[in-house]
Amino acid sequence: MKTILVTGGTGFLGSNLCIRLVREGNRVLCVDNNYTGSLQNIAEIAGHKNFRFIAHDICNPLQTEEKIDQIYNLACPASPPAYQGKHAIATTKTCVFGAINMLELAKKNQAVILQASTSEVYGDSLVHPQTENYRGNVNPVGIRACYNEGKRCAESLFFDYHRQDDVAIKVVRVFNTYGPKMNPNDGRVVSNFICQALLGKDITIYGSGSQTRSFCYVDDTIELMIRVMNSDKDFTGPVNTGNPGEFTVKELAEQVLAKVGGTSKIVYKDLPSDDPCKRCPDISLAMEKFGWKPTVMLAEGLDKTIAYFKTYIQEYKG
Ligand code: UDP
């Protein structure tokens, strides 16, 4: 039985990961400050004998009593409205101090540590689709910089701990992921559109809606993360994880509307600055190295996510 620590464990990706790891017979330590995550997300495993929640902000060092075998470092606000504005500095701190603290913990435990990096390291990409060797087009002084520069610095720390201190690292660059346990209030496009459609509110497209994203269902993202974590020692990544099916934001709005039905209409709002125009992962490396490819396409994934939010809204609509 492995002891696995997951930072950001009550968030969207983290809670889905914790549930799968517990079900597969691991002992899981879930670390979160619940700043954007929620205990509700881990309710179904909260009482499990192999699961423990630790309320902790990874900006501070963490000691554990038990020996840790693996660390998934997922903690960080990830939605633009959450990381922009008044939480920008906390976002950089989580990326940078959090990475240092978790790398130190990995070093002490001789644990393997996986960094949930992001497609945001490519910024407003000038190459398409994005391959892992592309170095990105990032505005270091823009409103997204706290997140994308923070995550870039975290990657750099991971590779320096690997080169300098021989820490076993894995870096996965996560492209847009969606599915059950997304926070309905975090302003992501998929959760916004579905909740707006279910509640009969206007569907808010930012800009013209011609910008593209490639949406990967959460189970596919987590499957690759687990395979990368358990890969041979020499493999560090970075490796892209995402679904190369590329859609404009307008197409997404139309698909959600067609599936949910109802009376919502599309309205257009200002495009936030530095919002990338096109995003699509090149997943050749994941396919070649891990025989991995996404199994849930957008239409099916949206059905599952709509079903989740329907229940969520019925239970929690105040
Ligand atoms: N977006 C939108 N309406 C919304 C929320 C987001 O049109 O209600 C757009 C946003 O401007 C971006 C895309 O959808 O172009 C994806 O946004 P999200 O916040 O989900 O992820 P990210 O920008 O990090 O890819």
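Residues numbered from 1 in each chain as written. Predicted model: local features only at pLDDT ≥ 70, side-chain atom pairs only at ≥ 80, totals over all residues. Heavy atoms only, no water.

Participant: It is not clear to me how the sheet that holds strand β11 (residues 239-241) should be interpreted in this structure. Could you clarify?
Facilitator: Pairing between sheet strands relies on hydrogen bonds along the backbone, with the strands arranged either parallel or antiparallel. Strands sit in the order β3-β2-β1-β4-β5-β6-β11 across an open sheet of seven strands; the sheet is parallel. At either end of the open sheet lies a strand with only one pairing partner, and these are β3 (51-55) and β11. This sheet shows a mean twist of 20° between the axes of neighbouring strands, independent of strand direction. Pairing analysis gives four bridges linking strand β1 (residues 3-7) to strand β4 (residues 70-73), with the strands arranged parallel. The residue of β4 that forms the bridge with I4 is Q70. In the packing of helix α4 (residues 145-165) onto the sheet, contacts are made with β4, β5 (112-118) and β6 (169-174), and the angle to β5 comes to roughly 155°. This element, helix α6 (residues 218-229), spans β4, β5, β6 and β11 of the sheet and lies at about 160° to β6. (Pairing = 2+ DSSP bridges. Helix = DSSP H or I, 4+ residues; strand = E, 2+ residues; numbered from the N terminus. Axes fitted to C-alpha atoms, helices over the stretch in contact; angles between N-to-C directions. Contact = heavy atoms within 4.5 Å.)

Participant: Please clarify how the site of the ligand should be interpreted in this entry.
Facilitator: For the ligand, the set of nearby residues contains 18 residues, the closest of which are T204, Y206, R213, D275 and R279. R144 has a polar side-chain atom sitting 2.9 Å from an oxygen atom of the ligand. Burial of the ligand by the protein chains amounts to 97% of its free accessible area of 520 Å². Those elements that place two or more of their residues in the shell around the ligand are α5 (189-199) and β8 (203-206). (Near = heavy atom within 4 Å. Polar contact = N/O pair within 3.5 Å; in protein donor to acceptor, adjacent residues only side chain to side chain. Areas by Shrake-Rupley, 256 points an atom, 1.4 Å probe, with all protein chains shown as cover.)

Participant: What am I meant to see in the pairing of β5 here?
Facilitator: On any regular strand, side chains alternate: one points to one face of the sheet, the next to the other face. β5 sits mainly inside the fold: six of its seven residues count as buried. Pairing geometry for β4 and β5, over four bridges, is parallel. Counterpart to Y72 in the pairing with β5 is L114. Sheet topology note: the β5/β6 ladder contains six bridges and is parallel. Counted as the bridge partner of S117 is R173 from β6. (Buried < 20%, exposed > 50% of the residue type's maximum accessible area, 1.4 Å probe, protein only.)

Participant: Looking at this structure, I do not really get the pairing of β1. What am I missing?
Facilitator: The buried count for β1 comes to five of five residues, which makes it a mostly enclosed element. Taking every second residue as pointing to the same face, both faces of β1 are buried, with T3, L5 and T7 on one and I4 and V6 on the other. With five bridges joining them, β1 and strand β2 (residues 27-32) adopt parallel strand pairing. When the sheet's bridge partners are listed, T7 is paired in β2 with V31. For the segment spanning β1, helix α1 (residues 12-23) and β2, crossover handedness is right-handed. (Right-handed = clockwise from strand over helix to strand, strands pointing away.)

Participant: In this structure, what is going on with unusual backbone geometry? I would like to understand it.
Facilitator: Excluding glycine, residues mostly carry a negative phi; peptide bonds, for their part, are mostly trans. Look at the link from H128 to P129: it is a cis peptide, with omega at -5°. As for its position among the elements, P129 is in the loop between β5 and α4. With omega at 5°, the peptide bond leading from G237 into P238 counts as cis. Mapped onto the elements, P238 comes out in the loop between α6 and β11. Phi angles above zero are rare outside glycine, and D166 is one such case at about 60°.

Participant: Mind showing me how you'd approach the packing of aromatic side chains here?
Facilitator: Counted under the stated rule, the structure contains eight aromatic pairs. With 5.3 Å between their ring centres and 85° between their planes, F235 and F290 make a pair best called edge-to-face. Linking F235 in the loop between α6 and β11 with F290 in helix α8 (residues 284-290), this pair joins segments that are 55 residues apart in sequence. Measuring from ring centre to ring centre gives 6.0 Å for Y308 and Y312, while their planes differ by 40°; the resulting arrangement is tilted. Of this pair, Y308 and Y312 both sit in helix α9 (residues 298-316), four residues apart, which is roughly one turn of that helix. (Phe/Tyr/Trp six-rings, centres within 6.5 Å; stacked < 30°, edge-to-face > 60°.)

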